[in-house]
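Reading the structure
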Amino acid sequence: MAFNITSIKTSSNGAWQGDNPLDFAFPLLIVQTTLILVVSRFLALLLKPLRQPKVIAEIVGGIILGPSAFGRNKEYMHRIFPSWSTPILESVASIGLLFFLFLVGLELDLNSIRRSGRRAFGIALAGISLPFVCGIGVAYVLRQTVDGADKVGYGQFLVFMGVALSITAFPVLARILAELKLLTTQIGETAMAAAAFNDVAAWILLALAVALAGDGDGGGHKSPLISIWVLLSGVGFVIFMMVVIRPAMKWVARRCSPEHDVVDEAYICLTLAGVMVSGFMTDLIGIHSIFGAFVFGLTIPKGGQFAERLMERIEDFVSGLLLPLYFASSGLKTDVAKIKGGKAWGLLALVISTACAGKIVGTFVVAMMFMIPARESLTLGVLMNTKGLVELIVLNIGKEKKVLNDEMFAILVLMALFTTFITTPTVMAIYKPARGVSSHTRRKLRDMSSPQSSKDELRILACLHGPGNVPSLISLIEATRSTKKAQLKLFILHLVELTERSSSIIMVQRVRKNGLPFFNRRRTECHDNITGAFQAYSQLGRVQVRPTTAISTLSTMHEDVCHVAENKKVTMIILPFHKQWRGDDGDESIENMGHGWRGVNQRVLKNAPCSVAVLVDRGFGTKPNDNLAQQVCIIFIGGPDDREALELGGRMAEHPAVKVTVIRFVEKEGLESNGVMLQPSPYKSPENNYSFSTATMKMNRESEKELDEAAMAEFRSRWEGVVYTERAASNIVEAVLVIGRSRDYDLIVVGKGRFPSTTVAELADRQAEHAELGPIGDILASSGHGVVSSVLVVQQHDLEHVDEVTVSKVLQINDNENFQADRSSVPGEISEDIV
């Protein structure tokens, strides 16, 4: 049905007056946007375990919503995505595209391209030229095979096909490299520089293609002088931007620096307007408007506060809302049904294989010529084969200019999806860089107590999620800062989740080296509250503070933490708990960072090369205290973890502003003759059940008791001012909760209890809320118990305790009976007793 676009109204009068909102432009746009965002976000969640970039989910979402899937229902297509709404949706999406290409230009540092030298230039040249030549060959086959392909001018068709096969998506590649921790490695820097060369060449070729294409069918009949004028005007535009606008933007950036106390909102608004004007100018010339936005982004000085503020203003709205509309609109125009028959699917296989072979082989050969090892050369080839954003822009322009028909457009979109999809798993399969960290021996606080270690500095790695962790962390570090012993060296690691944001990628480049976090030896400026707070604390004396940031996906964040601990010879890692309590009531206001951060803590506890402490913060150091001293309670039951907690308590006891109390739970008389048997049950979920060390089978319980007694005797002889009490508790859960609810202590320090005493082993069948904290730590950290004290759960590093297993049941054994253990907990198997 023909539609007069001028008859479309913006908004309706409402359903009560008989109007259907879907017949009006703005309500329909809202419905389309919401549907696209919901579907693309859902697909992104499904593809996250495969570590795919978000662009894949957005394109696939558009394909599902379009004529390939849902769009087969004509009523749905006519109602939700009618043909008259397409220009409106694409216009809104194009605004997002315009500003995103500005961000790409802002992210692309021309100086880094110059520094990369001949190697990156040679790789980029090979990565463009060979696929471009292959694209010309494919174009010839397509013109002979696809119906209607020969109606387009030969020149513009060849250029579009060559660009489509030779392009590398710089923004998508940056995110893939960052997620794989390769962005700041040599291979990552080479790939980024080569992709930057490729991007610049692609825009030049795209400008040429647009100039040649004109209005598609009529492009072949116009004067060749028009294309020449378009190209010359484009060159003049670039020269003007670099000679005139770039110095002007440098002046603006200086005016917006911290040294000048001026409101820079006017400059930011002018810059945003400059993006629009630049896009209009290139559109006026005859080149696509996104080229102007990209060039304008190149004129902005990199690394300054002005560029960071621009990103903060733009990227979330553009990348989160508008850009998905553009990718989805590409999917909506992709009709997979147009690829019919064996011949069409054969053409798809031809295009994919040609694109992959041309890019990978060309890059591989030249990289080998530059003496890059074969595995790294192959990895570079796979990385340079990444398609995505720029590819889709080229294809959409080609369809808009009628250079590509529906069938060729569908084939090339599927090619871009496939090549981008295989990049991450292929790189993970063929390239695993060696981290090259050495093995050190000092791993726990107990090693620091020997006389020969008394002069060595204590090194602590403190991790945090944000400013909310700072007060309690500083209070804890200050409490452990011995005034008698060695100097304390503190490494601060700000844990930040890697996102799709451009600022996240730029921050990765700033704080990582050789793919891992590094500490800058030069004094850094205090750009944030976290760095400023710890640098102010370092002035108190005897504490050296070195802050840095770890930006990574949550699934690999523990690798950064463990690497820093290994590399810096750290004795203890302090982790923030994934929940944080606010206010005086321990259970009323809880800030939950999410299950992903809980997983980070669990993996650090499992893989750490040193002792680990998890801080469950309920306002430690921030609550008003009638006493001048911080009140710290050490709960000691027995085992290596409790001995490490006791050692930490000893360091706290040396601080004049910390009052330490040790409460030791001992077994009642008559219970020593009873043992507790725990049977391994690997079928139980470690999320909801406590795990104990498998080394308990080999450990001598009597020798452990002797070690406990020796540690306690040494502690009491060295720190006479510490309050020491012994309690015999028949109900350990209630006894511990009484301590936590008493409000007598600001901090309670407990061991994780991986080698359980009889008292702790009796809790093995208890349902766990936070199993990674061990039985006692979980009791004190769980919600609903009314505990008001902060809790520090300590795990001592010992290679023998690394492997843990869940248990099935607790069995009491009396000496007076011959007891046959119940073996029925795991059907068909005989469980091995571990305690």
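The protein is annotated in an unreviewed UniProt entry as Cation/H(+) antiporter 20-like from Tripterygium wilfordii. For the record of the protein, the UniProt heading Subcellular location (unreviewed entry) holds the text "Membrane". Heading Sequence similarities (unreviewed entry) of the UniProt record for the protein holds this comment: "Belongs to the monovalent cation:proton antiporter 2 (CPA2) transporter (TC 2.A.37) family. CHX (TC 2.A.37.4) subfamily."

1. Some details on the overall build of the protein
Counting its regular elements, the protein contains 27 helices and 17 strands. A burial count over the protein gives 56% of its 835 residues as buried. For the protein, contacts bridging at least 24 residues in sequence account for 82% of all contacts bridging at least 6.

2. Side note on a positive patch on the surface
On the surface, R72, K74, K338 and K340 cluster together into a patch of positive charge. For K340, the location among the structural elements is in the loop between helix 12 (305–332) and helix 13 (341–369). Note on K340: relative accessible area 63%, which makes it exposed.

3. Describing the sheet that holds strand 16 (residues 790–795)
Across the sheet, which stays open at both edges, the 10 strands sit in the order 5-2-1-6-9-16-15-10-11-14 with mixed pairing between neighbours. Of all the strands in the sheet, the pair left with one neighbour each is strand 5 (543–552) and strand 14 (723–728). Strand-to-strand twist in this sheet, taken as the mean axis angle between neighbours without regard to direction, amounts to 20 degrees. Taken together, the five bridges between strand 6 (residues 572–576) and strand 9 (residues 611–616) define a ladder with parallel strand orientation. Bridging from a neighbouring strand, L575 pairs with V614 of strand 9.

4. Side note on helix 7 (residues 170–179)
Most of helix 7 is tucked away: 10 of the 10 residues are buried. Among the residues trailing helix 7, K181 stands out with phi positive, at a value near 60 degrees.

5. Concerning the layout of surface pockets
Approximately 830 Å³ is the volume attributed to the second largest pocket. Taken together, the elements giving at least two residues each to the lining of the second largest pocket come down to helix 1 (25–47), helix 2 (54–65), helix 7, helix 12 and helix 22 (595–607). Partitioned by chemical class, the residues of the lining of the second largest pocket number nine nonpolar, 10 polar and 11 charged. Taken domain by domain, the makeup of the lining of the second largest pocket includes at least three residues from each of domain 1 (28–430) and domain 2 (441–446 + 455–516 + 525–582 + 592–612).

6. Description of the environment of L45
As for its placement among the helices and strands, L45 is situated in helix 1. Its relative accessible area of 61% is what places L45 among the exposed residues. Expressed as a C-alpha distance, the spacing of L45 and A57, which sit 12 residues apart in the sequence, is 8.7 Å.

7. Remarks on the pattern of salt bridges
Within this structure, the stated rule accounts for 14 salt bridges. Ionic pairing is found between K579 and E769, a salt bridge with its closest N-O pair at 3.3 Å. Note that K579 is positioned in strand 7 (residues 579–582) and E769 in the loop between helix 26 (758–761) and helix 27 (774–781), a separation of 190 residues in sequence. A relative accessible area of 14% places K579 in the buried class. Note that R718 is salt-bridged to E714, the shortest N-O span being 2.9 Å. One end of the pair, R718, and the other, E714, are both in helix 24 (residues 701–718), four residues apart, so they sit about a helical turn from each other. Classification of E714 as partly exposed rests on a relative accessible area of 29%.

8. Description of empty space enclosed by the protein
Following the criterion strictly, the structure yields eight cavities of 30 Å³ or more and no others. Quantified by volume, the largest cavity comes out at close to 170 Å³. F100, R175, L323, F327 and E500 are the residues nearest the centre of the largest cavity, which is lined by 13 residues in total. Put simply, the parts of the chain that give the lining of the largest cavity at least two residues each are helix 2, helix 7 and helix 12. For the lining of the largest cavity, a count of residues per class yields eight nonpolar, one polar and four charged.

9. A word on the nonpolar core
With 154 residues, the main nonpolar core has L101 and F306 as its most contacted residues. Ranked by the residues each element gives to this core, the list is headed by helix 8 (residues 186–213), at 14 residues. Counting contributing residues per domain, this core is built from domain 1 (28–430) and domain 2 (441–446 + 455–516 + 525–582 + 592–612), each supplying no fewer than three. The residues touching L101, leaving out its near neighbours within four places in the chain, are W203, I290, A293, F294, L389 and I393. By size, the runner-up hydrophobic cluster in this structure holds 54 residues, among which are F491, L495, L737 and V793.

10. So, the packing of helix 4 (residues 86–107) against helix 7
Two elements in contact, helix 4 and helix 7, have axes separated by 10 Å at closest approach and are oriented at 60 degrees. On the basis of the axis angle, helix 4 is oblique to helix 7. The interaxial crossing formed by helix 4 with helix 7 has left-handed handedness. Contact residues: helix 4 offers F100, V104 and E107, while helix 7 offers F170, P171, A174 and R175.

11. Description of the packing of helix 23 (residues 640–653) against helix 24
At a closest axis distance of 10 Å, the pairing of helix 23 and helix 24 adopts a crossing angle of 5 degrees. Judged on the interaxial angle alone, helix 24 and helix 23 are roughly parallel. Taking contact as the criterion, the partners of P640, R643, L646, G649 and G650 in helix 23 are, on helix 24, E704, L707, D708, A711, M712 and F715. By residue class, the composition of the contact of helix 23 with helix 24 is six nonpolar, two polar and three charged.

12. Quick word on unusual backbone geometry
Of all residues except glycine, most have a negative phi; of all peptide bonds, most are trans. For K181, which is not glycine, the phi dihedral falls at a positive 60 degrees. Structurally, K181 can be placed in the loop between helix 7 and helix 8. Classification of K181 as buried rests on a relative accessible area of 2%. In this model, R743 sits at a positive phi of 65 degrees, which is unusual for a non-glycine residue.

13. Observations concerning the pairing of strand 11 (residues 658–666)
Of all nine residues in strand 11, seven are buried; the element is thus mostly enclosed. Sheet topology note: the strand 10 (residues 630–636)/strand 11 ladder contains seven bridges and is parallel. Bridge pairing in strand 11 links Q630 to V658. Traced from strand 10 through helix 23 to strand 11, the parallel crossover comes out right-handed. Across six bridges, the pairing between strand 11 and strand 14 is parallel. Of the residues in strand 14, the one forming a bridge with V662 is Y724.

Conventions we followed
- Residues numbered from 1 in each chain as written.
- Predicted model: local features only at pLDDT ≥ 70, side-chain atom pairs only at ≥ 80, totals over all residues.
- Heavy atoms only, no water.
- UniProt positions renumbered as here; feature names shortened; annotations may be inferred.
- Helix = DSSP H or I, 4+ residues; strand = E, 2+ residues; numbered from the N terminus.
- Buried < 20%, exposed > 50% of the residue type's maximum accessible area, 1.4 Å probe, protein only.
- Contact = heavy atoms within 4.5 Å.
- Patch = residues over 30% accessible without salt bridge, like charges linked within 9 Å, V, L, I, M, F, W, Y side chains within 5 Å.
- Areas by Shrake-Rupley, 256 points an atom, 1.4 Å probe, with all protein chains shown as cover.
- Salt bridge = Lys/Arg side-chain N within 4 Å of Asp/Glu carboxyl O.
- Lys, Arg positive; Asp, Glu negative; His and termini not counted.
- Charge placed at Lys NZ, Arg CZ, Asp CG, Glu CD.
- Pairing = 2+ DSSP bridges.
- Axes fitted to C-alpha atoms, helices over the stretch in contact; angles between N-to-C directions.
- 1 Å grid on protein atoms, 1.4 Å probe; cavity = no way out; pocket = protein on both sides within 12 Å on 5 of 7 lines; lining within 4 Å.
- Points joined across faces, edges and corners; volume = space filled by probe spheres on them.
- Nonpolar A, V, L, I, M, F, W, Y, C, P; charged D, E, K, R; others polar.
- Domains from an automatic or database assignment.
- Core = buried A, V, L, I, M, F, W, Y, C linked by side-chain atoms within 4.5 Å.
- Parallel < 35°, antiparallel > 145°, perpendicular 65-115°, else oblique.
- Left-handed = near helix turned anticlockwise from the far one by under 90°.
- Right-handed = clockwise from strand over helix to strand, strands pointing away.

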